[in-house]
Amino acid sequence: MQIAVDISLPHILNLISQMNLNEIEEIKNKIVEKELYFKKFKKDDLTHVMSDFKKENYSDEFLKDLENGLKKSSVYHAH
């Protein structure tokens, strides 16, 4: 059985603040082991993204706004 729970960041920080140093170290080790903070967003090519949306029969106006928005977004903005 799997249970999903939404927990806010302040709640997580409050829980961590109640832990002892060994428990905090264990959490840190798990984060490093699973490379959680090293994972980067892997963006797909914008043409592929737009193609997926076109298959869902969104309006041309929506698709145009979406593409323009994505082109300006930090995700697709060239660095």
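About the thresholds
Throughout this document, residue positions are counted from 1 along each chain, in the order its sequence is written. Local features are withheld for residues below a pLDDT of 70 in this predicted model, meaning they are given only at 70 or higher, and side-chain atom pairs are given and counted only at 80 or more; totals for whole chains, interfaces and linings count all residues. Side-chain measures here rest on the full set of heavy atoms in the structure, leaving out hydrogens and waters. Salt bridges are counted wherever a side-chain nitrogen of Lys or Arg sits within 4 Å of a carboxyl oxygen of Asp or Glu. Only DSSP runs of H or I reaching four residues or more are called helices, and only runs of E reaching two or more are called strands; each is numbered from the N terminus. In this text, buried Ala, Val, Leu, Ile, Met, Phe, Trp, Tyr and Cys residues form a nonpolar core when linked through side-chain atoms within 4.5 Å. Exposure categories follow from relative accessible area, calculated using a 1.4 Å probe and restricted to protein chains: below 20% of the type maximum is buried, above 50% is exposed, and the middle band is partly exposed. For patch building, the residue pool is restricted to those with more than 30% relative accessible area and no salt bridge; the joining distance is 9 Å between like charges and 5 Å between nonpolar side chains (Val, Leu, Ile, Met, Phe, Trp, Tyr). We get accessible surface area from the Shrake-Rupley algorithm with a probe of 1.4 Å; when it comes to residues, only the shown protein chains can shield them. A helix is expected to span 1.5 Å for every residue after the first. Residues scored as charged are limited to Lys and Arg (positive) and Asp and Glu (negative), so that His and the chain ends carry no count. A charged residue contributes its charge at one atom only: NZ of Lys, CZ of Arg, CG of Asp or CD of Glu. Aromatic contacts are taken between Phe, Tyr and Trp rings whose centres are within 6.5 Å, Trp giving its six-membered ring; a plane angle under 30 degrees counts as stacked, one over 60 as edge-to-face, and the others as tilted. The directions from the helix axis to the C-beta atoms form the arc being described. Contacts are assigned to residue pairs with any non-hydrogen atoms lying within 4.5 Å of each other.

1. Concerning the pattern of salt bridges
- All chains considered together, the criterion is met by three salt bridges.
- A salt bridge links Glu-25 to Lys-28; its shortest N-O distance comes to 3.0 Å. You can see Glu-25 and its partner Lys-28 sitting in helix H2 (residues 21-33), three residues apart, about one turn around the helix.
- For Lys-71, the salt bridge is made with Glu-67, and the minimal N-O distance between the two is 3.7 Å. Of this pair, Lys-71 and Glu-67 both sit in helix H4 (residues 60-72), separated by four residues, roughly a single helical turn.

2. Quick notes on the nonpolar core
- Core analysis: the largest hydrophobic core is formed by seven residues, namely Leu-46, Val-49, Met-50, Leu-63, Leu-66, Leu-70 and Tyr-76.
- At the level of secondary structure, the elements contributing two or more residues to this core comprise helix H3 (46-55) and H4.

3. Some words on a nonpolar patch on the surface
- A contiguous nonpolar patch, built from Met-1, Ile-3, Val-5, Ile-7, Leu-9, Ile-12 and Leu-13 and spanning about 820 Å² of accessible area, is present on the exposed surface.
- If you trace the backbone, Ile-3 turns up in the segment before helix H1 (9-17).

4. Topic: H2
- In a regular helix each residue adds 1.5 Å, so 13 residues correspond to 18 Å; H2 covers 18 Å between its end C-alpha atoms and thus fits that length.
- Where H2 ends, the next residue or the one after it, Glu-35, has phi of about 55°, a positive value.

5. Overview of a negative patch on the surface
- Negative charge collects at one region of the surface, where Asp-44, Asp-45, Asp-52 and Glu-56 lie side by side.
- Note on placement: Glu-56 falls in the loop between H3 and H4.
- A relative accessible area of 57% places Glu-56 in the exposed class.

6. Some points on the packing of aromatic side chains
- Here the structure, examined in full by the defined rule, presents three aromatic pairs.
- For the ring pair Phe-53 and Phe-62, a centre distance of 6.3 Å and an interplane angle of 50° mean the geometry is tilted.
- Here Phe-53 falls in the partly exposed class, since its relative accessible area comes to 28%.
- Counting every residue linked through ring pairs, the aromatic cluster contains Phe-53, Tyr-58 and Phe-62.

7. Concerning H4
- Its 13 residues give H4 an end-to-end C-alpha distance of 18 Å, which sits within 8% of 18 Å, the value for a rise of 1.5 Å per residue.
- Among the residues of H4, those classed as buried are Leu-63, Leu-66 and Leu-70. Relative to the axis of H4, the buried residues are bounded by an arc of 65° and lie together on one face. Of the exposed residues in H4, the ones pointing more than 90 degrees away from its buried face are Asp-60, Glu-61, Lys-64 and Lys-72.
- Summarising the contacts, the buried residues of H4 are in contact with H3.

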